[in-house]
Structures are given as C-alpha cells and as structure tokens.
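The lines below spell out each chain.
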Amino acid sequence: MLKKILKRLKVSSFNKASLFLLLGIFLFQQFKANAEVSAAAGQKIYKQYCTSCHKINGELVGPALKDVHKRRSEEWLIKWIRNNAELRKSGDKDAIAVWEKYAKNEMPSFTNLTDDDVKSIIAYIVQESEGGGAQAGGTGTAGAGTDGAQTGAGSDYKPMLYIFLIVFLAISFFLSRIISNLRRLSQARNNEPVTEPKSFVQVLRQKNTIAVILLILIAILGYTTVEKAQKLGRSKGYAPEQPIKFSHKIHAGTNQINCLYCHASAEKSKAASIPSVNVCMNCHKAVQEGRSPEGTAEIAKITAAYNSNTPIKWVKIHNTPDHVYFNHAQHVKAGKIECQKCHGPVETMEKVEQFSSLSMGWCINCHRETEVQFASNNYYSQFEKLHEDVKSGKIKAVTEGMLGGTECQKCHY
Amino acid sequence: MDTNKYWKGLDELHEEASFVELRDKEFADEIPVEEIIAETLTKKSAGRRDFLKLMGFSVTAATVAASCRIPVKKAIPYAIKPEEIVPGLANYYASTYVNGTDYCSVLVKVRDGRPIKIEGNNNSTITKGGTSARVQASVLSLYDNRRHRQPSKGGAVVEWAQIDSEITEKLKAIKAANGQIRILSNTIISPSTLQVINNFVTEYPTTKHVTYEPISYSAIADANEKSFGKRAIPGYNFDKANVIAAFACDFLGTWISPVEYTKQYITNRKVSKEKSSMSRHYHVESRLSLTGSNADIRIPLKPSDVRRSLVSLYNKIASATGGTPAGSVTIPASAEASIGAMANDLLAAKGSSLVVCGINDINCQTLANAINNLLGNYGNTIDLNNHSTVGQANDKAVNDLISELNSGAISAVILYHSNPVYSTPKGKALADAIKKAQLSVAISDRADETASLAQYSCPDHHYLESWNDAEPKSGSYSLTQPTISPLFNTRQGQDSLLKWSGSSTGFDIVVQNYWSSNLFSKQSKFTTFDEFWENSVRYGVFNTTPATSSFTFNGDAASAASAVSAVKSSENELVLFESIAIGNGNHANNPWLQELPDPITKATWDNFVSVPVQYAIDNGIEDGDLVTIKAAGSEITIPAIRQPGQAKGTFAIALGYGRAAAGPAGNGVGQNAYPFVGFDGSNFSLDSIAATLSAADGKHVVARTQTHHSIEGRPVIRETALYEYKKNPASANEDKIKEKEYTEASLYPEHEYSPLKWYMNIDLNSCIGCGACAVACTAENNVPVVGKNEVARAHEMHWMRIDRYYSFVNPNSGLLEDRVTKEKEYDNQFSSAFVKDYENVNVAFQPMLCQHCENAPCENVCPVAATNHSTEGINQMAYNRCIGTRYCANNCPYKVRRFNWLDYTTSDSFPNNTATETQRVGMLDNITRMVLNPDVTVRSRGVMEKCSFCVQRIQDVKLQAKKENRTVAGDEVKTACQTSCPADAIVFGNIKDSNSSVHKLKADERTYHVLSELDTAPSVGYMVKVRNIEEKKSNA
C-alpha cells in the first residue's frame, strides 16, 4: 500500500529513506506527550493562530515564514510571537524593522502560548521549510478529500447498475428470441402448426404486457412520489448567491485558515455563527487587494460594512426545521467531528452549497454509526456497563446510538 | 393511612350536575364527528359531490403547500460583535426587580440580546434566590406592545427635546410665581432616585414629594412611629419564629415582601428525621388567603371580629406577662378558645414567636406591637434596625393632595409611576382635579387611567432596560442593570427629572456616584471603586451592617385596644385584598399573570365577590350568579363565587381588576373595587367595610380550573400531624412498602436505564401554592396563553398546575383524629350539620406535572409512537410526530397532557388561522414573541404537549459536562419550576447518583408516589404534608 503510494509519488530511493526517517520521527513525536515540543503540535497551533496572516511560502499579511528559523534566533522568535509590542518597545531593531516593513500592522500578542508552544510552531516551520512535512500537510487535506471521494464512490454504483440492467435486458431479449426461434424450429420438426412471430404492436396489445407495464408505471410513480415527497423542504445542493462573493476555497483551501478561526462559536455554542465583520477585518485591514479587480471590489464591501457599522445580510444555507434542535458544540467540541463530515469539502468550494441532505434519516444514520469519544471523555466514565462490554469484547466500540442517540428528545424538544 | 376526604370544589363535593357531566367526559367539548357524518349520510345525493369537493380541496392544498418555494432565510451576524456575546449561548446578568413595594434580586437570562427568563439571585441575603409569579412574568411585560412608544404632548407625538424645553420653561415660570409643585410617586426604594427627586426639590423648592401605594402599609409605619419613634416597617424574621400568629396578614402571598418571608418561613417548616420540629402557624382571617391556607390552625372570623380578636389576644398576653389588660371584648366562643391556645403557645415561645397583623389600621398595628413587645420579640424575630424601606406611602398625604388639587392650589403635578385615578376611592374626582393643574406630566410605562389625563407623557424604560439601585432593607443594596437596548423611544424617568432640574448628568452616573460616595467606603474588600463597582454589578447585591440603636416601646396599648374594640360591626362586611398574580392592578396587562389560576379559587381572567358557602346556600346563590354589592356609597355588579373557609358575614373582592386603560389583556377584566376603599382619617382601610349584597339578573362565567382534570376522589394527597410523624416517620405513608409489591406484580418488562435517570421530588409540606413555578414553566417552555373562553372550556395549557384540595376540619378541635374521612362519611359517623361546616376547611396544595412514569399508560396507546420512553427515564413527546389522536391524554391518570386545540402561537402553516383570544391579548405580536425560548419548539395546532422535565436544561448540562471532560453531578440540572420556587419545595436530579439529593429523598419515609397502586412507577415523588397541630388529650 505504502509502496504504491510511494511509487505514484515517484520518490527517489534516497528521498524514500529520508521520508521514512521523517515519518518515523513524526510518528515517534506523535507518541510523545502533547505538552512537549513537536512539529505536529506546532502544526495544530500554527493552523489555529498563524494561518490567517502568514504562509510558509509567500507573503500574506505578514512575511513568509519559510526558513524564519535561519533568519532569527529561537529566543527572539519566542519573544516576538508572545508579545511583539513589548519587544518593539524594548528597542529591538529587528523587531521595529519588521513592523515598519509590513506597514506597521500590529501583530496580536499571544501571551497564552507557552515557550514550548512557540518552539513547536518553529519545529513545524522547520519541517515545512525543509519540505519534509509537505506530505503530512498534503495528506491532511487529501484525507478530507478522500472522505468526499468515498461518498462520491458510494453513489457511483448507479451508472454501473444501468449498464448491467441494459446488458441483462439485451441478454433476455436475445434469449427470448432464441427460445421462440427454437420453439418454432421444433414445431416445424414435429410438423405442428408454426406460430407466427407476433409483431411489436401485437405484443404490446397483449393483456399480460399491459398488466406488466401498468405495474411498472405504478411502481415508478409511487417511487417518484415518495422520493419527491421526502425531498420536500430539503435543499441539498442549495448554493444561493451571497451578498459578498466570499470564497471558502481561497480562505480555507489555499490559505489554510482554520474553520474555527472564523466560526469560533461552533466549539462553544449551538450556532456555528457567521463571523462578524470585525473578524474579517482582522486580516482584511491589511489584505485590501484581491487576486483580481473583482476580488478587490468584494473586499471593499467588507471595509464599507465595517466603516459604516452595518452587518452583512448573508443568505442562510443550512436550515433545519423549527422542531429540530441541533447543537454545533455537541458535535464539534464533544464529538470531535470534522466540519467536512456534514458540510463537505468546503475548502474546495468557491461558493458554498449544502452538501448533506440534513434529513432525519441522514442524522440518525450517523448517530447509529458514529463512535463517541468514549475512552477519552470523562463524561462517559459513568457508563460502567458499556465500559465492561468494551473490555470484555462484547462490543467493539460505543456508538452514539448505544447511548440513546436515536431517541426523540435528543433532537426534538 | 390517610383517608381524608379531599375535594377540589363544592361542585365536586356536592356532585353537581355540571361537574358530573364534565367529570364523565375526558374532553370538555366533543368534536361532533357523528353529527357531521350523519348529516352527510342522510343527504345521499350530495355525498359523492362532497367527497369530490373535499378531495379536490385536499389535493389543491397539498399541491400549493408542496409547490411553495423554501423561503430564503437570512443570517445576519453582528457588524462588530461584543466580546462577551456568543451567538446561541445565554448570558446571565444580575439585576433587581422593583415594582412599587415588590422587590426581588434576580438574574436575567439574555439570549442573543433578548431577555427571555428571570431567575432568582442566590447572592441576595433577602430573597435568597426565590422568585414570585410576578417576578417570573415581568420579562413578558418588557415586550408589552401597549407600552408607550414615544413621548407625547396632548396625545400628539413630540420630540424629547421639545418636551424638555417646554416642561422646564413651565416649571421655571411656576417656580417664579411661587406655585406649588407635587411629585406623586409610588414607593421608591432606590436611594439614587430619591437623590434625584431631592435635587429636583432643591431646584424647585415649592415641590413636595408624595408617596402613594394603592395597597399601603402606612399604618404599620405610623404605628411604629408612635410606638418606637421610628417611621418604618421593621424587618421580620419568620425563620426564627417557632410560633407565628398572623391576623389578616397574607405574608406568603402579597404582604410587604412575600418572597423574603416565604424563604424565611419555610426554613422552619421543613421536617426530617434529623429535625423533627417545625413552627406552629396560627392564622386569623376572614377570607381564605394563600397564607391562611398554609396555616396549622386557622381561625375564620369576620373582619371586625379579627380586629377584636387582637384585643382578646393582647388581654391574655398582658395578664400573663404582667402588662395591663384592656377592657374585654366579645368574639365567638370557638374563636375565643383558639385564641387562648394561641396565647399559650406564644407565651411558651417568648422571644421566638411572632405576631403579624395585615390590617392597615394604626390601632391594630399598635396592639400587635404591644403584644410583640410583651413577648420579647423585638430584637429577635422583629428587627427595627434592619428595617424594610417600603413603608414610605403616606395615605393621608395622598388624600390631602386630592383635595389640594381639587381646590386648584397645585400648579404642577408630576405623576411618577402612580395611577391614582384608577386606584384611589376618589379616582373620579381626581381625574377632574388633575386637569386643573397648569402643568401635568406623567412618567409612566403606558397611557393608563391617570397618565392619559396628563398634558405631557414622558414614557419610562422597563426595569430590564434601566440602570437603577435599590435599598429594600436598610443596609442591603442591590443594582438594576440594563439587559437590552430600549425597545421604544423611551427615556428613564430619573433622566427626565434630572434634565428638568437642570442637570446634565445621566442617571447611570448618578447611581455610580451614589455608590462611590456612600457605599464604597462601607467596605474594605476592594481598594478601587472600579473594582467595587464591577463586583457589585456582577453580583447584583451589596450588604452593609446597618447602624444599631435600641428601641423601647412607648405605645399606648390601652387606648389602641379600646379604639379597636369600638370597631363597628355589620351583618356583612367587605374585605378587599391584593390579587396574588396581578397585584394592585399594575400587572393587569400581563397575560401570563391573568391566566395564572388564583391559588385558592383557581379562577383566571376575572375577579368576583366570594361569599361564605353557608350564606350562598341560605340565599340561593350559585357560582357565577351576578350580584350587586353596595358599600361606602358605591356599588358594583359582579359574579359571586362560593368560597369554603370564608368566615360568616364576610364578602371578599380582589383589587386590581376592572382596568380601563391597561391594555388589551387587562381592560374590562373584572370589576374595579377601589371605590369601596375606606379612609379612616389617617390610613386607607381595606376591611370591615359594611356592605350589602343583592341578587342581580344574569350569570357570568368565571373561568376556573379547579375541577378540570379531576382526579376523581383517588387518594393523591397524604398528610399527617407532627406528633404522629415524631412517633412514626412513615405515618400516613404506610403504603410505601407496597410500592415494591406493585412493581413485582407488573406485567411490563423493566426498562434499561442509562447512568442518568431523572427524578423530581416535591415536598408538599414546603409547597405554599403560590404559582411561581407555573409562570416559570410558561416562560421556560413557551407554554401558550389561551384566554378566558378557552380556560372555561378546560383547554388551558399549563404544563405545571397546582391542584388545591379542601378537606373538612372539626371546628371543635381541629385535630387529626376528628378529621372527616371517606370511611367515616360512609359509616355516617357524622351528623349532617358537622359535614356542612364550610368555614373550617384544611387546604393542601399539590403541584401536578407529567410524572414521567416508568410504565407510562400514555406511551402504550399512541398509535404513532410520538410519546415514548427514553433511557434517561423521560417520557418523551415528539411534537412533529404527533397526529393528535389524544389517546394519551385519555389514558393519563394524572391528567397532565395538554392538547393544542387551536393555533396559539402562529406556528401553523396557514396564516390568520390563530386563536382569536390569544391574538387579542397581544401574545402573537412579533414584539411579544421575542420572549420565546429559542431552545424549545413552539408547538402548532393539533399536537399534544406536556412537561418535558426541562429536557433542554438537561441536555445543556450534559453538553457542558462533555465540554469540560467530566461527569454530570447529581444535583447539577435544575428545572425552571425548581429554581423559581421561593419555598425550595422542588428538588430535581439524577436518581442513579447515590450522592444526589433526590436519591436520598426518594428513600425518605415521607416520600410517596401518586397512584402508585396503578404501578405507573412515576419519576415524581411527593412528600407527606405535616401539620403542626396539638395531639388530642384523652377525653378532653
């Protein structure tokens, strides 16, 4: 498996070795406690705090971070990242120079980060700068991608089914022709009167044929009615025009901004919430130019909204009926479910569309199948019987369904 | 085993035809299905066409509904989001509810900028986290559509700037001409507001500030001035009292500070094996009040005799303690004996007893002071240092003001939250008098009876939009902070006064300055004022120790006693009282409160004259008969209601009804009884008013809920006496052991539960029946208002109701052995005369809600499994699955399921199909709908609903635990009814957690389950009520 991937990647044997080494280090570091310095931990922090203004290759709001560890000392970087204003105040020439170079844009202070956190970030930058972690990052996005691809593959059976159906029909047609020919041959041989082959119209006028066609029609009509009725009020694929042509592809895809940077309340509250304009302005104070004149015009709309203190009236895409209670924090924070699981590959969408049907069957299916954070969340420690069952091997894992996740009042109250 | 005969109303007791008809039918109105079918079938020719028409309609309707495009919804985030707000998460802000004399420290739940629920503030040393029905409902009054929307002059809308300049100009002219200015306000307990008024008085020295309350406590203040030289209402400590004697004093319902007193009272009423003592509560009154219904020994007397009984008590106490008894008085012999027992108990509990009197008469209050003084209660159960500040109203000054206005001696009058045209006996005269003033300004929340007469209307904020402070008791301070931007173009009243007195400071700054200069120095915890202020705003309260001084009684008990003895008796006397829900009338436009059944009569949306049952029998009066009451030169025609427990010779009418300009919910509801209020020269008098009753033509339906959902005489209440409880903690609950047998005999398979199983325990001994829980439930769970006509049809929607049961007491002993039981009645052990003693009844309250049965009868009969059982023991109700067969309601033995007969919430797909009554009272306005809890589904027509054990709160706590990587604590989830309860009667939690309170309480000997013999295995336990009555002496 791995070999195949490597083959496809056409990696030289030397690189293979180094990749294995890197992977080994990566894995080893994975096993180490999270609190310690690791590129993996750094990646997490980097995505949460840095990506909105920095890229490894190329400038965004702030400078490109490639090889920053070669340009500055670790000590300086820690000071700068944790509280750059203080560093500047202390008269550090480099600090002031960077600040001035980037149009005196204030970088927020991150006093919440420990020294180890910053070291982790640096470790991650080192990894990225040397190109080693590219694959790691790459697989990350690919993971989300394959998720979507799998679902795609799931619906791929349909054309195959049609082909089979046509083949079967053809075979049965030919078989019936052969049978009738054979019958006529045997009739001729036995000197029985040979039944003339019926014309197409005659076949159609047969009672049996009419009955079969009627039955098929009723089945099709019934099926369509039920399916359409089920889809009433559902809007999978709904992708309305938004007041600002905001591209998730650029923000979440290219720029790798963490979903939770903008949709911060998804971890805390029932609503994931659309970011307020001041969140947009955190970056767009500096990024005033788009990639095209149209893009620049769109960005200008945010600035205008910010300056006039008028909220932007976005069109809500994901709507649940009033009798459904859905809580983002439950799924994102407690359930640790990827946003993409329900929202699809948003990072590839220029214009966001509703990816899932949001039907009750869809919810329930997931509740039946999805494993909860049974071992890692202390909340579940009181479910002693289930813990025993897991231990004894009676059940493999605990799904939401086993915890009453398919009961009415989990979502309807 | 307790086999008391309990009855909810006289119609049930007497098995009147109307009751039997209702009882035998599950639903009050049947759908005339058969008639319709029969009609269609007889018209055979039209049958097919009708069928086709109906089918055509349904197909078209379905097509129209199906082809509707999904509406485009907008999601509008903040432009600049305030840091503390997370969309979808509620914030709680400490604040203070003040409405006249009502005070409560509260937490306001704000969701996405809208206050949606009020909770009690546990940091308050006064209300201690308790609330009342009015406090709970106050959030709805914020969204009252009939509040003023902008300032106006003579009815025409004007700008604030214009109003300010005109009023200031006129005030200055009046000042120059030395004209008299009056500010007529309701009770103001805010020190900063008083400062603002003082500033105004300094600016305009001819101003006098007159405080007015329709139902005032001025006699207590006056009596204390005479007795102790301090015009104030003392602080009462009901928790320290082992014997309480109350004279016409509804201290749990309406008197002075009911939430505070309930909290205190109940601490000494709870019994357990560890603490098997409780206070003994004597109650002397004419009508059956909420407090009287909770008393151990209740002595019904007509109003003038209540006054005289005070003298009788004084004489007994005085002769026992070496005081000087006054001349003797005559009261009925049985009452005399009970007063004797009361005196003995009081004397035995010297220093830990309490005598309170609710009569607004200076002599009665002086006598009460004298008795408390003789009993040594001052400094123990009564605290004159830590006094209540609500006693500012001065009845005499108000009365004088009316005459002054009439004579034209007043040039300007500022009406500050007072509505004397409606609520004084001379209202009509006052209405004309106000017009005589050169300048009349109303600072009010709506164009009420008085404000609509003023030249200028300066609308005030709602308290949830305001900054304010309060000092309900000396030394105890609390803050009000705004929790929403003003909905309308209103301005805080204090700001108006500040503007007119030439100050440019905003009132919020005035409050801060007051706290900075007066309170900051009284503490040492915080070094900077900012810290102190932030902390005070955060917790809502700040306490200091008031200065102490000693008081000696200087009252003239003898002359007071002779004045009280001389009170004129009449054959029938009228008593006026404050309604529990709508108060003195200022909550009249609050539909939640209008729909809250009165704790005793269970009447909604109305007032009436209650008459003693025997009087009604003698005079042939039935419930709802219109009668004319004549008293004090006025008369009103009003329906009569027979009231058990009401003393002979008493009529009682609730005040606060008959509003003309309150708003659609309050206008024309009931009759205004304020014209009957008397004035004795110094105080308004609400009792002992000579009255006559004469029959009038016609009937008036009073919508009462008392016999809806009849429990059909099953033994659902259990009660015992304290002395029996001491002997046997399982007394009256000997059946408890049988519950296990019932379960073992069950045919049902046992449910498998998760480690969380919810259980509620309700202590019947603590429940005082006030109804705060019912309103809290309404607010939390979007329970609709249905209006009077629907209530009359037994269509009320309350998930939590309080059942009130009467039982007979033997008037000669009041003892448990002599109670009227079903058995004894069947055995004919009583003479008929005894059974008919309607004056002496015991009352028991029982909050009734979905019992979340383990073997729920409703679950089995639902054809679509819309109601089913969860692994956490909740009887779930999926509204979107319900098709409205109502089989579940039919099969529920507790009668707690509610059906949406009409669209009460505009959640129906078809517009303009809503319940007209609900629409009329304004519950469907978009502004009013802002009060809805976004976490709870708004139910549409045709579905069943019921108590959900506040599942949204359960889920919230569970999520919080998951987020914090921990388990849920046993007592962590608190339901809305539980947090609202001022008596801490309701406890909720996880029964599977052995550390939870409910786990212990369920095992308590007193805990029983209603109708446990049906083996429904409810998840709601009730604890036996304990009455502290005397054990019957042998052959006494």
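Residues numbered from 1 in each chain as written. Chains lettered and ligands numbered in written order. Predicted model: local features only at pLDDT ≥ 70, side-chain atom pairs only at ≥ 80, totals over all residues.

Peer 1: Is there a simple way to think about the sheet that holds strand 28 (residues 689-699) of chain B in this case?
Peer 2: In a beta sheet, neighbouring strands are held together by backbone hydrogen bonds and run either parallel or antiparallel to one another. Residue and element names in this part refer to chain B. The strand order around the closed barrel built from six strands is 21-25-22-24-23-28, with neighbouring strands paired in mixed fashion. Put simply, the sheet's adjacent strands are angled 45° from each other on average, direction ignored. Here six bridges tie strand 23 (residues 625-631) to strand 28, and the two strands are oriented antiparallel to one another. Bridged to alanine 631 within strand 28 is alanine 691. (Pairing = 2+ DSSP bridges. Helix = DSSP H or I, 4+ residues; strand = E, 2+ residues; numbered from the N terminus. Axes fitted to C-alpha atoms, helices over the stretch in contact; angles between N-to-C directions.)

Peer 1: Looking at this model, I keep getting lost on the pairing of strand 2 (residues 90-99) of chain B. Mind explaining?
Peer 2: Residues and elements named next belong to chain B. One ladder, built from ten bridges, connects strand 2 with strand 3 (residues 102-111); its direction is antiparallel. Bridge pairing in strand 3 places tyrosine 92 opposite lysine 109. From the end of strand 2 to the start of strand 3, which pair antiparallel, there are two residues, and glycine 100 there has a positive phi angle of about 65°.

Peer 1: Quick question: what am I supposed to make of the interface of chain A and chain B here?
Peer 2: The parts lose accessible area when they come together, and the size of an interface is often stated as this lost area. Of the residues lining the interface, 46 residues belong to chain A; the matching set on chain B comes to 41 residues. Only helix 15 (277-284), helix 16 (293-308), strand 1 (314-315) and helix 17 (328-334) of chain A provide two or more residues apiece to the side of chain A that touches chain B. Within the side of chain A that touches chain B, the residues separate by chemical class into 19 nonpolar, 20 polar and seven charged. Bridging between strand 1 of chain A and strand 1 (residues 74-75) of chain B involves two bridges; their strand directions are antiparallel. (Contact = placed C-beta atoms within 7 Å. Nonpolar A, V, L, I, M, F, W, Y, C, P; charged D, E, K, R; others polar.)

Peer 1: I would appreciate a short explanation of unusual backbone geometry in the present structure.
Peer 2: Across the chain, the bulk of peptide bonds are trans and the bulk of non-glycine residues have phi less than zero. All names here are of chain B. Its identity as a non-glycine residue notwithstanding, alanine 248 has a phi of 45°, on the positive side. Mapping alanine 248 onto the fold places it in the loop between strand 10 (243-247) and helix 9 (258-267). Assessed through the 30 C-beta atoms surrounding it within 10 Å, alanine 248 is described here as buried. With a phi close to 65°, alanine 794 is a non-glycine residue in the positive phi region. Relative to the assigned elements, alanine 794 resides in the loop between helix 26 (788-792) and strand 31 (801-808). For alanine 794, a count of 19 C-beta atoms within 10 Å translates into the label partly exposed. (Buried ≥ 20, exposed ≤ 12 C-beta atoms within 10 Å, placed from the backbone.)

Peer 1: Mind showing me how you'd approach the nonpolar core here?
Peer 2: Inside soluble globular proteins, nonpolar side chains tend to come together where they are buried. Core analysis: the largest hydrophobic core is formed by 293 residues, its most contacted members being Tyr314(B) and Leu367(B). Sequence-distant contacts of Tyr314(B), that is, excluding residues within four places in its chain, are made with Ala326(B), Leu367(B), Ala370(B), Ile371(B), Ala557(B) and Ala561(B). (Core = buried A, V, L, I, M, F, W, Y, C linked by C-beta atoms within 7 Å.)

Peer 1: What is the right way to read the confidence of the model for chain A from this model?
Peer 2: Should pLDDT be low for a region, the predicted coordinates there are not to be read in detail. All names here are of chain A. Chain-level statistics for chain A give a pLDDT mean of 80 and a share of 85% at 70 or above. At the low end of the mean pLDDT range in chain A sits helix 9 (residues 134-155), at 38; at the high end sits strand 1, at 93. Confidence drops under pLDDT 50 across residues 5-35; counting only partners more than four residues distant or on other chains, this segment forms 14 contacts. Low pLDDT (under 50) marks residues 133-154, which in the prediction has eleven contacts with non-local residues, meaning those over four places away or in another chain. (pLDDT = per-residue confidence, 0-100.)

Peer 1: It is not clear to me how the sheet that holds strand 3 of chain B should be interpreted in this structure. Could you clarify?
Peer 2: All names here are of chain B. In space, the three strands of this open sheet follow the order 2-3-4, with antiparallel pairing throughout. In the strand order of this sheet, the two ends are held by strand 2 and strand 4 (114-120), each with one partner. Averaged over all pairs of adjacent strands, the angle between their axes in this sheet comes to 35°, without regard to strand direction. In terms of strand pairing, strand 3 meets strand 4 through six bridges, oriented antiparallel. Counterpart to valine 106 in the pairing with strand 4 is glycine 120.

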